[in-house]
Amino acid sequence: MTAHVVVGVDGSPSSRAAVEWAADDAVRRGCALRIVHVCEPWVYDIPLQTPPGFRDSVIESCQGVLESAARLARERAPGIEVDAALETGHPVEILRREAVDAEQVVLGSRGRGGFTGLLLGSVSLALAGHVAAPVVVVRGSQERTHGVVVVGFDGSAHAAAALEYAFEEAARRGARLHAIHAWQMPVLGQGATLYAPLVEEIFANEERVAADTLGPWREKYPQVEVEETAVCGHPVAAVCEAAEAADLAVVGSRGLGRVGSAVLGSVGHGVLHYARCPVAVVRAREEA
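Source: prediction; values computed, not measured.

Procedures and definitions
- Residues numbered from 1 in each chain as written.
- Predicted model: local features only at pLDDT ≥ 70, side-chain atom pairs only at ≥ 80, totals over all residues.
- Heavy atoms only, no water.
- Helix = DSSP H or I, 4+ residues; strand = E, 2+ residues; numbered from the N terminus.
- Buried < 20%, exposed > 50% of the residue type's maximum accessible area, 1.4 Å probe, protein only.
- Contact = heavy atoms within 4.5 Å.
- Areas by Shrake-Rupley, 256 points an atom, 1.4 Å probe, with all protein chains shown as cover.
- Axes fitted to C-alpha atoms, helices over the stretch in contact; angles between N-to-C directions.
- Left-handed = near helix turned anticlockwise from the far one by under 90°.
- Nonpolar A, V, L, I, M, F, W, Y, C, P; charged D, E, K, R; others polar.
- Salt bridge = Lys/Arg side-chain N within 4 Å of Asp/Glu carboxyl O.
- Pairing = 2+ DSSP bridges.

### Brief notes about the overall build of the protein
The secondary structure content of the protein amounts to nine helices and ten strands. Going through the 288 residues of the protein one by one, you find that 49% of them count as buried. In the protein, of all internal contacts separated by at least 6 residues, the share reaching a separation of at least 24 is 79%. About 14,000 Å² of surface is accessible on the protein, with carbon and sulfur atoms providing 52% of the total.

Have a look at this one:
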């Protein structure tokens, strides 16, 4: 298939929002949309005779979910190429395979299998940061447009990948980019004191880090208006606060404070859970 965006659907309100977002994204990118619904294997293992008609009704329901999503996409973005695929298997495994040649993968924040108190679904969490393609997790309807993309960065390779993606998205949308470098005070030993000159030096150094990091990207994307913020605070709180008035929040899959075994870092995990706007998790090319 030609260049395309993949969206996973399951018939939930969250996946409907993901279809709408993915259709808009396909238009912005000038590419096709591939809609995937996974019918789990147990459906086909149901005995034909017990209960009567139950197996056929479940399969028909799966097909209905896919057809409804395809219809919604075509209504949302008339004229785009839509490919709808009904697959059998485990949703995470199927979508990881679909991500291999996709521009990006779009998912709802929570599917039908989620508990009411769980803000982030298991499929979204299993894919974000685990596949080479960017993964966008959509929460709720996105009818209001702010014209702002938010990105958090910390100087790591993962942050560089997030910055590249965020600048491209801002340019594609004609949006302003709010780039946030959040840092925290160093932990000192017992009895140590942070003197005012040292505090000022730390603040100035972090502001230089932010400016030096963004400089080359500003030159590469002169058409993008950039708001630059260097703030002493927790990066999850800083990004989520800015995301209240944004159309998209972008984070790397891991940062400088990563634990070696954690594929999705604490910042990406936190922003996925708490940001109210769609969140894109971008993996560094060398890791992918």
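### A look at the packing of helix H8 (residues 235–243) against helix H9 (residues 266–274)
Packing of H8 against H9 leaves a shortest axis separation of 9 Å and a crossing angle of 35°. Of the two possible hands of crossing, H8 and H9 adopt the one that is right-handed. Contacts between H8 and H9 pair Pro235, Val236, Val239 and Cys240 from the former with Ser266, Val267, Gly270, Val271 and Tyr274 from the latter. Within the contact of H8 with H9, the residues separate by chemical class into seven nonpolar, two polar and no charged.

### Examining the pattern of salt bridges
Inspection of the entire model under this criterion finds 15 salt bridges. Salt-bridge contacts for Glu169 lead to Arg29; the nearest nitrogen and oxygen are separated by 3.2 Å. Highlighted residues: Glu169 in helix H6 (residues 157–173) and Arg29 in helix H1 (residues 13–29), separated in sequence by 140 residues. Its salt-bridge partner being Glu228, residue Arg218 comes within 3.0 Å of it at the nearest N-O pair. Remark: Glu228 occurs in strand S8 (residues 226–232) and Arg218 occurs in helix H7 (residues 196–220); sequence separation between them is ten residues. On the accessibility criterion, Arg218 (34% relative accessible area) is partly exposed.

### A look at the sheet that holds strand S6 (residues 148–152)
Read across the open sheet, the ten strands follow the order S3-S2-S1-S4-S5-S10-S9-S6-S7-S8; overall the sheet is mixed. Both outer strands of the open sheet, strand S3 (82–88) and S8, are each paired with one neighbouring strand and no more. Strand after strand, the sheet turns through a mean of 20° between neighbouring axes, direction not considered. In the sheet, strand S9 (residues 248–252) pairs with strand S10 (residues 279–282) via four bridges, with the strands oriented parallel. If you follow Val250 over to S10, its bridge partner there is Ala280. Running over the sheet, H8 touches S6, strand S7 (176–183), S8 and S9 and is turned about 160° from S7.

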